[in-house]
2 protein chains.
Amino acid sequence: MITLGDIPRKHSRLDPDKECIVCDDVRLTWRQLNERVNRLANALAGLGVEKDNKVATLALNCHRLIEIYYATSKLGAVTVPLNFRLAPDELVYIINHSDAEVLFVDHNTLDIAKGILPELTNIRERIFFQGGEEGWLDYEKLLEESSLAEPEVEVSEDDLCHLQYTGGTTGLPKGVMITHRNYMTTAIGMGLALEFQPHYTTHQVLPIFHTAWWPVLIHHLAGCRAVIAPRFDFAEILATAEREKVTHINMVPVLFSWLLDFPDAEKYDLSSIRYFSYAGAPMPEEVLRRCIAKFGPIFQQGYGLTEAAPLGTILLEEDQCRLEGPPELVRRINSCGRESLVTEVRVVDEEESEVPPGEIGEIVIRGKNVMRGYWKDPELTAKTLRGGWLHTGDLAETDEYGFIYIVDRKNDMIITGGENVYPFEVEQVLYEHPAVLVAAVVGVKSAKWGEEVTAVVSLKQGAEASEEELIALCREKIAGYKCPKRVVFMETIPTSAIGKVLRRKVREQLQS
Amino acid sequence: MITLGDIPRKHSRLDPDKECIVCDDVRLTWRQLNERVNRLANALAGLGVEKDNKVATLALNCHRLIEIYYATSKLGAVTVPLNFRLAPDELVYIINHSDAEVLFVDHNTLDIAKGILPELTNIRERIFFQGGEEGWLDYEKLLEESSLAEPEVEVSEDDLCHLQYTGGTTGLPKGVMITHRNYMTTAIGMGLALEFQPHYTTHQVLPIFHTAWWPVLIHHLAGCRAVIAPRFDFAEILATAEREKVTHINMVPVLFSWLLDFPDAEKYDLSSIRYFSYAGAPMPEEVLRRCIAKFGPIFQQGYGLTEAAPLGTILLEEDQCRLEGPPELVRRINSCGRESLVTEVRVVDEEESEVPPGEIGEIVIRGKNVMRGYWKDPELTAKTLRGGWLHTGDLAETDEYGFIYIVDRKNDMIITGGENVYPFEVEQVLYEHPAVLVAAVVGVKSAKWGEEVTAVVSLKQGAEASEEELIALCREKIAGYKCPKRVVFMETIPTSAIGKVLRRKVREQLQS
């Protein structure tokens, strides 16, 4: 087992001149990356950063984030990657709660950071990617003035490497403690399931501050290249994919809906793409079918969560893209896959017993990828990891082959007139309507029903659909009590930084 | 990280109906293999085998050996795989030294085992693969009568799984303590370096009792199939390779010499073979070139040793088979490769300092693959693992790219007239002669020279070469003091069970 910092160190020995990072006009070979990482690590050590110290980052996608991940790891220090879309109060809470002593920012986040500085209790060093700002150390100058020698800190696989805050659906953000072994277990599990060829190149379009940075991790572990998208812009992403002969892009389902609707996709040569993968939420079948029709049977899926760093299950393209054949096999296109070689995934009832195939229970995960716990929250840790299993809060059923079918989030389940309704089932139907771009179904408090099934829909540009029409479509396909009582049209439906539809925010907007 | 026993357990969940073992007329799917493994484990538990107990095997290649490896692992017990070519006294020593309590034999080894039984101090259960022998439990009957439930023993990656005795070049056999983590580190290191596709199939022709069973291990970890050759017979091996569409065969160099000389190789369709690999000794360049000419640029190499379970370095086909181009690249065909992602390999001097490229030193290895130590020999363990590095006794130089070029075994170096001669260099020249099948160069004690360079040669069937002719060939190519003073022709040159030329035995025969 190796640590995060070993990745650039080893590859700079084995493949010094191979390109490993592309980010805007920056191109780095393994030797160059490792030198920059060492320089940064030595600079941080010079600033007094020691083992277990926390280093926070607040920046949009950039090769420097990857450099920081590797550099802190070489010191046995811990990165606290911050979500750049959080509100100032949330940032203050997380930075103080994490005990971070160093803060990195870029030109996008400098002003936010300046605004909250007075409230940050532990930050003693501030570093600015672009430099030239009074009171902030200049990232590139720090590197220039620092030694490129390999830092000599003994780092163990069981040391923390990341404190990854996750919003959760309720309450305060929780700091997920991720060790080197956690991330390496995920990377090895995926590395053994997927095939890697030396030219493989991932295009990291989701935010790096999130565990959604795993495509960089697994490609880098295998010695392959990562192209980093500094902005989420389809035209730019597709042009880069063509230019860099990208072989893999990971997104969340809603982004694939947008991609299908993106008018200029045909202009780009995407023939180098070997896999599209998605995670973060189930993909409505209708969207998947259109994706396969447009891009071919090259889709894979993973299910996971930050607490599992983030590996839970994997669905390879042979099962993800089988559109014809025996129903028990075709059904798998709606599965999130099966446990990997390095994880155990079960679906259990309230008494922690495995439920039989076809019954709904909670997904639990066990493996060396599962977090050490929540930072400074032993109670929640004990509750979440009870019995040695990570309790995900996701509801699912299995089939006899061990494939897992997510039903929904435990907290998103709607209880209406005493019946359980799983929003995803209703959303699946809405996506069948050709005008629907994004759909979110939530429960809105109601005196009559307890909760009332409510659909929020955004339509494709120029397309039209009426409330009655959408409700009628649902009535055709699913039980009456599951059908929306109301359809609300919104231009933009709230999503998280990685593009996951946030039903909680949708609910808030409806109830405000 | 997972344990050996997890391999069949996981794949029987993930791919129950996929074939994973073929051995003569036995074909097993993952479900069948895992059931047999569980039955055997439960039977052994019923016989009182507990965690850390030792179980010895004495058998030619057979699927049952793999079953035993997995079954003992599920109990946290330890397999002691015995070399079936050892003399009775050696077997007695190893079985007693290992504390083995159970002995498995097949029809090839039953008589040897019976002969030494009175001298075995700890063996309390004897199991015979074929059954029907008084005083011996019947393997298949044991399985039939036993439960197929998954054994519930907590096994850690740091538990021992194998005690692998290695002859060493001098003194008594040493019991190398190999943990699950050791083997898994090797398997993951190789798994990350090589590409695996679901249909890949290795043909295990080298003995399974040796760490040369690694092709089964890495293919099984990746969920791929292993075809086991019960006998070493080229006609049968090639026919099986054709029939089973084998994709990988691992051998030792001398077997490739034989294969090149095997008259009927052309009769078989070997187009499914994606890789040939070799290990155990450097391949003479002449032999390698002929192999590539005959089979294509599909050769890979590993360097390792039992104490490293057995991974040291890997040379992939792009470097192994580059016959043209810049000399510093073409040179790599004579390298044994570079450290893997999970191992560190250095070449050091007597003071343990890394030597500069081009200078000769001893290969040392560090990594989670390195053995826990020698069983019951803390002194030799401390000496061999001094400073945290495994000292291999192999002499080598590196180039500036980290490629390692083995010069020879430390103990095989000949000192003649005060000059150092490395036998492999002389053997390389002898292999250039078209009549030479196998060559071994050793030092024979001499009053005049201290040691006298002596070549032992076996010729290809029907081919001819004289002593003078071979010495003259050497004089053309290498310094006079390196040239053999004498050439001895032998019909068969002594080799180990995996086919490695045993220079020590050659020396003994010359001096007796």
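All values derive from a computational prediction rather than experimental measurement.

**Q** How would you explain the overall build of chain A if you had to name every residue and give the values?
**A** Each helix and strand in chain A was counted, giving 17 helices and 26 strands. Relative to the globule expectation of 24 Å for 512 residues, the C-alpha radius of gyration of chain A, 23 Å, shows essentially globular dimensions. A principal-axis box enclosing the C-alpha atoms of chain A has dimensions of 70 × 45 × 45 Å. Looking at chain A residue by residue over its 512 residues, the buried ones come to 51%. Of the contacts made within chain A by residues no fewer than 6 positions apart, 67% connect residues no fewer than 24 positions apart.

**Q** Residue-level account of the relation of the copies chain B and chain A, with values.
**A** The two copies are related by a screw operation: chain B maps onto chain A through 180° of rotation and 0.0 Å of translation along the axis, at an RMSD of 0.0 Å. Within this description, the copies of the chain are treated as partners about a two-fold rotation axis. In terms of proximity to the rotation axis, the leading residue of chain B is E195 of chain B, whose C-alpha is 2.9 Å off the axis. An overlap of 100% is found between the interface residues of chain B and their copies at the interface of chain A, pointing to a shared contact surface.

**Q** Go over the packing of helix α10 (residues 253-261) of chain A against helix α11 (residues 285-295) of chain A, please, and point to the residues and values.
**A** Residue and element names in this part refer to chain A. Two elements in contact, α10 and α11, have axes whose closest approach is 10 Å; the angle formed by their N-to-C orientations is 50°. Put simply, α10 runs oblique to α11. Crossing of α10 against α11: the hand is left-handed. In this structure, α10 uses P253, F256, S257 and L260 to contact α11, whose residues at the interface are V287, R290, C291 and K294. Residue composition of the contact of α10 with α11, grouped by class: 5 nonpolar, 1 polar and 2 charged.

**Q** Break down helix α9 (residues 234-243) of chain A for me, with residues and values.
**A** Residues and elements named next belong to chain A. Within the sequence span of α9, burial applies to I237, L238, T240 and A241. End-on view of α9: buried residues confined to an arc of 160°, all on one side of the axis. Buried residues along α9 sit against β10 (201-204), β11 (225-228) and β12 (248-251). K245 occupies a position one or two residues after α9 and carries a positive phi of about 50°.

**Q** Quick rundown of the interface of chain B and chain A? Include the residues and the values.
**A** Between chain B and chain A, the residue contacts involve 18 residues of the former and 18 residues of the latter. If you list the elements that add at least two residues to the side of chain B that touches chain A, you get α1 (6-14) and α7 (180-193) of chain B. Looking at the side of chain B that touches chain A residue by residue, the class counts come to 10 nonpolar, 3 polar and 5 charged.

**Q** So, the sheet that holds strand β20 (residues 390-398) of chain B: which residues are in play, and what are the values?
**A** All names here are of chain B. Read from one edge of the open sheet, 4 strands run β17-β18-β20-β21, paired in antiparallel fashion. What marks the edges here is a single partner per strand, and that holds for β17 (343-348) and β21 (404-409). Taking each pair of neighbouring strands and ignoring which way they run, the sheet shows an average axis angle of 45°. Summarising the sheet, β17 and strand β18 (residues 361-367) pair through 6 bridges and their orientation is antiparallel. Looking at the pairing, V348 lines up with E362 of β18.

**Q** Would you mind going over the pairing of strand β24 (residues 436-446) of chain A in detail, with residue names and values included?
**A** Remember that side chains alternate between the two faces of the sheet whenever the strand is regular. Pairing geometry for β24 of chain A and strand β25 (residues 450-459) of chain A, over 10 bridges, is antiparallel. By the bridge assignment for β25 of chain A, V441 of chain A is matched with A455 of chain A.

**Q** Explain the nonpolar core residue by residue, including any values.
**A** Side chains of nonpolar character tend, in soluble globular proteins, to be buried together. The biggest cluster of nonpolar side chains holds 301 residues, and the ones touching the most others in it are L44 and V55 of chain A together with L44 and V55 of chain B. Excluding residues that lie within four positions of it along the chain, V55 of chain A makes contacts with L44, V49, I68, T72, A77, V78, T79, V80, A100 and V102 of chain A.

**Q** Quick one: what's the story with the sheet that holds strand β20 (residues 390-398) of chain A, residue by residue and with numbers?
**A** Residue and element names in this part refer to chain A. The antiparallel open sheet is built from 4 strands, whose spatial order is β17-β18-β20-β21. In the strand order of this sheet, the two ends are held by β17 (343-348) and β21 (404-409), each with one partner. Pairs of neighbouring strands in the sheet enclose a mean axial angle of 45°, with direction left out of account.

**Q** Report on the environment of A71 of chain B, specifying residues and quantitative values.
**A** As for its position among the elements, A71 of chain B is in helix α3 (residues 63-74). When neighbours within four sequence positions are excluded, A71 of chain B is seen to be in contact with V37, L40, A41 and L44 of chain B.

**Q** Please give an account of helix α15 (residues 423-431) of chain B that cites residues and values.
**A** Across the 9 residues that make up α15 of chain B, a large majority, 7, are buried. Taken residue by residue, α15 of chain B has P423, V426, E427, Q428, V429, L430 and Y431 of chain B as its buried positions.

**Q** Can you explain the environment of D264 of chain A? Please cite residues and give values.
**A** All names here are of chain A. As for its position among the elements, D264 is in the loop between α10 and β13 (275-278). A residue is classified by how many C-beta atoms lie within 10 Å of it, and D264, with 10 of them, is exposed. Sequence separation between D264 and A235 is 29 residues; the distance between their C-alpha atoms is 7.6 Å.

**Q** Go over unusual backbone geometry, please, and point to the residues and values.
**A** Residue and element names in this part refer to chain A. Cis geometry marks the peptide bond from A309 to P310; its omega dihedral reads -25°. In this fold, P310 is placed in the loop between β14 (299-304) and β15 (311-315). For A309, which is not glycine, the phi torsion reads 55° and is therefore positive. Inspection of the secondary structure puts A309 in the loop between β14 and β15.

**Q** Tell me about the confidence of the model for chain A, and please be specific about residues and values.
**A** Interpretation of this model should avoid reading the predicted coordinates in detail wherever pLDDT is low. With 99% of its residues at a pLDDT of 70 or more, chain A shows a mean pLDDT of 93. Both scores are given for the predicted complex: the pTM is 0.86, the ipTM 0.80.

**Q** Report on the packing of α15 of chain B against helix α16 (residues 467-477) of chain B, specifying residues and quantitative values.
**A** All names here are of chain B. Contact geometry of α15 with α16 gives a least axis separation of 9 Å together with a crossing angle of 115°. Handedness of the crossing formed by α15 with α16: right-handed. Residues V426, V429 and L430 of α15 form the contact with α16, whose participating residues are L470, L473, C474 and K477. Classifying every residue of the contact of α15 with α16 gives 6 nonpolar, no polar and 1 charged.

**Q** So what about the pairing of strand β26 (residues 486-489) of chain A? Which residues, and what values?
**A** All names here are of chain A. As defined by bridge partners, β25 adjoins β26 across 4 bridges and the pair is classed as parallel. Residue pairing in the sheet places V456 in a bridge with V488 of β26. Between β25 and its parallel partner β26, the chain crosses via helix α16 (residues 467-477), and the hand of that crossover is right-handed.

Thresholds, definitions, all that
Residues numbered from 1 in each chain as written. Chains lettered and ligands numbered in written order. Predicted model: local features only at pLDDT ≥ 70, side-chain atom pairs only at ≥ 80, totals over all residues. Helix = DSSP H or I, 4+ residues; strand = E, 2+ residues; numbered from the N terminus. Rg over C-alpha atoms; globule rule 2.2 N^0.38 Å. Buried ≥ 20, exposed ≤ 12 C-beta atoms within 10 Å, placed from the backbone. Contact = placed C-beta atoms within 7 Å. Least-squares fit on C-alpha atoms with pLDDT ≥ 70 in both. Axes fitted to C-alpha atoms, helices over the stretch in contact; angles between N-to-C directions. Parallel < 35°, antiparallel > 145°, perpendicular 65-115°, else oblique. Left-handed = near helix turned anticlockwise from the far one by under 90°. Nonpolar A, V, L, I, M, F, W, Y, C, P; charged D, E, K, R; others polar. Arc of directions from axis to C-beta. Pairing = 2+ DSSP bridges. Core = buried A, V, L, I, M, F, W, Y, C linked by C-beta atoms within 7 Å. pLDDT = per-residue confidence, 0-100. Right-handed = clockwise from strand over helix to strand, strands pointing away.

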